[in-house]
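# Topology and contacts: notes
Okay, here's what each chain looks like letter by letter:
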Amino acid sequence: MPDKNDTPVYVDSIRKNFDRIYVIYFPRLQRFAREYVISDEEAENIVQDVFVMLWEKRNALNVQISLTAYLFSLVKNKCIDCLRHEVIVNDYKKELAVKLQALEELNHAFSSDEDIERILRDAVGKLPERCREIFIKSRIEGKTLHDIATEMNISANTVKNQLSIALKKLKIELKEYLPLLFFLT
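## A short note on the packing of aromatic side chains
- Summed over all chains, the structure comprises 8 aromatic pairs.
- Consider the rings of Y22 and F26, whose centres lie 5.0 Å apart with planes at 35°: the pair is tilted. A residue pair is termed a helical-turn pair when its members lie 3 or 4 positions apart in one helix, as Y22 and F26 do in helix 1 (residues 14-37) at 4 residues.
- Look at F26 and you get buried, because its relative accessible area is 11%.

Okay, structure coming up:
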């Protein structure tokens, strides 16, 4: 049995009944938002933002649908935005954690230039022969893509592709030694 608050109220009546709409819908919208964003505070902020937007646009709104559908749709979209933002923040935090761990382990990984050279030499040595040769000519010998292509009798595109493959493989191989990657790029 629908309660008396479920009777359709249209957006064009917002100007006249804002206080009543707020009292009726705020708790329901907050419960709805809380199911998705978990935090009570975040759910309250989302619903509050919806009502602020509703108030600010009260004179311009001219939507002829049920207010319930309209408000829940707004809250749903705000929840989606919030969750997308949270995913980005969490991914960033994970990336920072990996970088922090790499930096903390860096002191233990090597203590001299010889250690750095050995680590880089070992990683470069694991590359496929052609990638390794192109990488050495480009990054160690400082030759241009065009010079390497001419010298090896291959296209500049092939050199570029092989160099890209080499850098991707080295990035994976040297992920524990993050600061060393700056030497490679």
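## Side note on the pattern of salt bridges
- A full pass over the atoms with the stated rule returns 5 salt bridges.
- Two residues, D40 and R34, come together in a salt bridge whose shortest N-O distance is 2.6 Å.
- Taking the relative accessible area as the measure of exposure, R34 reaches 30% and is therefore partly exposed.
- Shared partners join several salt bridges into a network, and the residues in it are K137, E141, K143 and E151.

## Some details on the nonpolar core
- Judged by nonpolar contacts, the single largest core of 24 residues is most densely connected at Y25, L29, F51, L71 and V75.
- Elements represented by at least two residues in this core include exactly helix 1, helix 2 (40-56) and helix 3 (67-109).
- Residues within four places of L29 in sequence aside, it is in contact with V47, F51, L71, F72 and V75.
- Listed in part, the 18 residues of the second largest apolar core include A123, V124, L127 and A149.

The rules behind these values
Residues numbered from 1 in each chain as written. Predicted model: local features only at pLDDT ≥ 70, side-chain atom pairs only at ≥ 80, totals over all residues. Heavy atoms only, no water. Phe/Tyr/Trp six-rings, centres within 6.5 Å; stacked < 30°, edge-to-face > 60°. Helix = DSSP H or I, 4+ residues; strand = E, 2+ residues; numbered from the N terminus. Buried < 20%, exposed > 50% of the residue type's maximum accessible area, 1.4 Å probe, protein only. Salt bridge = Lys/Arg side-chain N within 4 Å of Asp/Glu carboxyl O. Core = buried A, V, L, I, M, F, W, Y, C linked by side-chain atoms within 4.5 Å. Contact = heavy atoms within 4.5 Å.

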